[in-house]
Amino acid sequence: MNILLTGGAGYIGSHVAITLLEYGHRPVIFDNFVNSTSNVIARIELIVNKTIDCIEGDIRDMPALIKVIKENKIDAVIHLAGLKSVSESNEKPLDYFSVNVGGTISLLQAMKKTGVRHLVFSSSATVYGEPRYLPIDESHPTNPTNVYGETKLQTELILRNLSESDASWKFGCLRYFNPVGAHHSGLIGEAPLGRPNNLMPIIASVAAGERGELKIFGGDYGTKDGTGIRDYVHVMDLARGHLASINYLAKVGSHLVNLGTGMGYSVLEVVGAYQQISCKTIPYSVEKRRSGDVAAVYANTKLAESLLGWRATQNLYEMCATSWAWKSQQSKI
Ligand code: NAD
Ligand code: WQD
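Rules behind the numbers
- Residues numbered from 1 in each chain as written.
- Chains lettered and ligands numbered in written order.
- Predicted model: local features only at pLDDT ≥ 70, side-chain atom pairs only at ≥ 80, totals over all residues.
- Heavy atoms only, no water.
- Helix = DSSP H or I, 4+ residues; strand = E, 2+ residues; numbered from the N terminus.
- Rg over C-alpha atoms; globule rule 2.2 N^0.38 Å.
- Buried < 20%, exposed > 50% of the residue type's maximum accessible area, 1.4 Å probe, protein only.
- Contact = heavy atoms within 4.5 Å.
- Areas by Shrake-Rupley, 256 points an atom, 1.4 Å probe, with all protein chains shown as cover.
- Phe/Tyr/Trp six-rings, centres within 6.5 Å; stacked < 30°, edge-to-face > 60°.
- Lys NZ or Arg CZ within 6 Å of the ring centre and 35° of its normal.
- Near = heavy atom within 4 Å.
- Polar contact = N/O pair within 3.5 Å; in protein donor to acceptor, adjacent residues only side chain to side chain.
- Nonpolar A, V, L, I, M, F, W, Y, C, P; charged D, E, K, R; others polar.
- Axes fitted to C-alpha atoms, helices over the stretch in contact; angles between N-to-C directions.
- Parallel < 35°, antiparallel > 145°, perpendicular 65-115°, else oblique.
- Left-handed = near helix turned anticlockwise from the far one by under 90°.
- Salt bridge = Lys/Arg side-chain N within 4 Å of Asp/Glu carboxyl O.

Chemist: Please explain the overall build of the protein as it appears in this structure.
Modeler: Within the protein one finds eleven helices and 13 strands. In summary, the protein has a C-alpha radius of gyration of 19 Å against a globular reference of 20 Å for 333 residues, a match within 12%. Reported as C-alpha extents along the three principal axes, the dimensions of the protein are approximately 55 × 45 × 40 Å. Counting over 333 residues, the protein shows a buried share of 53%. The long-range fraction of contacts in the protein, counting pairs at least 24 apart against all pairs at least 6 apart in sequence, stands at 81%. With the model as given, the accessible surface of the protein reaches about 14500 Å², and the carbon-plus-sulfur share is 50%.

Chemist: Is there a simple way to think about the packing of aromatic side chains in this case?
Modeler: When we look at a pair of aromatic rings, we describe it by the centre distance and by the angle of the planes. Under the definition given, this model contains three aromatic pairs. Taking the centre distance of 6.4 Å and the plane angle of 35° together, the rings of Tyr128 and Phe177 count as tilted. With Tyr128 in the loop between strand E5 (118–124) and helix H6 (147–165) and Phe177 in the loop between strand E6 (170–176) and strand E7 (178–180), this residue pair connects regions lying 49 residues apart in the sequence. The class of Tyr128 is buried, set by a relative accessible area of 0%. On the basis of an interplanar angle of 80° and a centroid distance of 6.1 Å, the ring pair of Tyr274 and Trp324 is categorised as edge-to-face. Taken together, the positions of Tyr274 in helix H9 (residues 267–278) and Trp324 in helix H11 (residues 316–332) put the pair 50 residues apart, joining distant regions of the chain. Residue Tyr274 shares its accessibility class with Trp324, and that shared class is buried. Geometry around Trp169 places Arg117 over its ring, the cationic atom sitting 4.6 Å from the centre.

Chemist: Any chance you could explain the site of ligand 1 here in plain terms?
Modeler: In the vicinity of ligand 1 there are 26 residues, among which Ile12, Asp31, Asn35, Ser36 and Tyr148 approach most closely. Residue Ile12 places a main-chain N or O atom 2.8 Å away from an oxygen atom belonging to ligand 1. Here an oxygen atom of ligand 1 sits 2.6 Å away from a polar atom, N or O, in the side chain of Tyr148. A total of 820 Å² of accessible area belongs to ligand 1 in isolation, and the protein chains cover 96% of it. Broken down by secondary-structure element, the contributors of at least two residues to the shell around ligand 1 are helix H1 (11–23), E5 and H6. No other element matches the three residues that E5 contributes to the shell around ligand 1. Residues of the shell around ligand 1, tallied by class, amount to twelve nonpolar, ten polar and four charged.

Chemist: Help me understand the packing of helix H3 (residues 62–71) against helix H5 (residues 93–114) in this model?
Modeler: For any two helices packed against each other, one specifies the crossing angle of their axes together with the interaxial distance. It is at 9 Å that the axes of H3 and H5 come closest, and there the two elements cross at 45°. Taken together, the axis directions place H3 and H5 in an arrangement best described as oblique. Once H3 is placed against H5, the crossing between them reads as right-handed. Judged by residue contacts, Met62, Leu65, Ile66, Ile69 and Lys70 of H3 engage Ser106, Leu107, Gln109, Ala110, Met111, Lys113 and Thr114 from H5. Residue composition of the contact of H3 with H5, by class: seven nonpolar, three polar and two charged.

Chemist: So what exactly am I meant to see when it comes to the site of ligand 2 here?
Modeler: Among the 19 residues in the neighbourhood of ligand 2, the closest are listed as Tyr148, Leu199, Lys215, Arg230 and Asp293. Between ligand 2 and Asn178 there is a distance of 3.0 Å, counted from an oxygen atom to a side-chain nitrogen or oxygen. Arg230 places a polar side-chain atom, nitrogen or oxygen, 2.6 Å from an oxygen atom of ligand 2. Here ligand 2 has 690 Å² of accessible area as a free molecule, and 87% of this is covered by the chains.

Chemist: Before we go on, may I ask you to explain the environment of Leu199 in this structure?
Modeler: Mapped onto the secondary structure, Leu199 falls in helix H7 (residues 199–207). The class of Leu199 is buried, set by a relative accessible area of 18%. C-alpha of Leu199 to C-alpha of Val271: the two residues are 72 residues apart in sequence and 9.4 Å apart in space. Setting aside its immediate chain neighbours within four residues, Leu199 contacts Leu214, Tyr232, Val267 and Val270.

Chemist: Explain the pattern of salt bridges here, please?
Modeler: Where side chains of opposite charge bring their charged atoms close, a pairing between them can arise. Under the criterion given, the structure shown has 15 salt bridges. Across the pair Lys67 and Glu71 runs a salt bridge whose closest N-O atoms are separated by 3.5 Å. Residue Lys67 and its partner Glu71 are located together in helix H3, separated by four residues, close to a single helical turn. When its relative accessible area of 56% is taken as the criterion, Glu71 is described as exposed. The partner of Arg160 in a salt bridge is Glu164, and the shortest N-O contact between them spans 4.0 Å. Of this pair, Arg160 and Glu164 both sit in helix H6, four residues apart, which is roughly one turn of that helix. According to the relative accessible area criterion, Arg160 is partly exposed, its value standing at 49%. According to the relative accessible area criterion, Glu164 is exposed, its value standing at 60%. Residues joined by salt bridges that share partners form a network here, namely Arg230, Arg290 and Asp293.

Following this line, the structure appears as structure tokens:
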């Protein structure tokens, strides 16, 4: 299949591109590089030993999308382009609604005009808000506590309304938990253009000596060691989830599933695993809780397994090892 991959130069998108190419699909990347660089394209090509098409553009530019869809005879879309910082979303709500919701509407209109009806969407576990029970299944109530989460939930609603209005639309909504790690080659990984906010890139930065210490946000949660628990999922497992989803759309139809491992690890457990695989000491201090954080979040992954036949396979050590391979390689550039 020819697959339009919006945001394909980003962290998750570049790993999805590899998985699609290795399977035999033809991804066409569409990205404005607001949080990525074009260098990643050559690295994807090096890993898979194939060329890949990449077009620079903004998803809010509908005529540009129509042109790309027509010229490349696109069969389906995997839509990852978007803004993803929780804190920034609360400061710049208009930007987040414009790109995440407005950009998706522009994409859907371009698809409508060109007759493309299958789309896989990057949603997030953040749509659930504070957990009422664990593990979180897909029936758990949604109640986002930040603008970013609102944009994801509103986009899901648009997709649901659209498929209810016309059965030819088929959507796969993938609610990711905490994506981490990198391709095992160490050639691509998470490379945010600003300062990272997420735990594993910060730990990597401390291990590489770029930062003095990790600040652990809260040591007084009611968890096994007092630190926050999350469901970290390897980015290559996540990438396989997109392949399963796009293939399921073609064979069966719409779905909404969690993508996580179903296992929760504390901040201290992640630090311990990272120290072990990197042979580096990660100095840390325990600070007050970060506003908006919750004690524990992890997924019930049974639906993804029963519908898509998808299950995460890589453990915490593999997540840390590939993150470290990528980080070590980056510091050599
Ligand atoms: P990323 O920032 O690395 O990738 C997003 C890509 O989209 C970037 O390459 C960026 O340049 C591009 N982009 C942004 N705005 C654009 C626009 N207007 N037009 C075209 N391209 C644009 O982020 P990621 O971690 O790879 O996340 C991919 C998707 O997954 C996002 O939609 C994000 O909200 C979602 N998601 C991410 C996480 C996570 O923790 N990384 C968790 C849940 C969901
Ligand atoms: C993980 C744990 C922190 C940094 C966010 C988004 C979510 C999704 C994934 C996009 C928590 C602790 C972190 C640090 C720390 N993204 N931590 N010190 O908050 O679970 O989820 O990213 O959709 O929507 O909300 O991920 O990596 O920021 O935090 O102690 O410097 O690490 O408190 O317990 P989070 P995270």
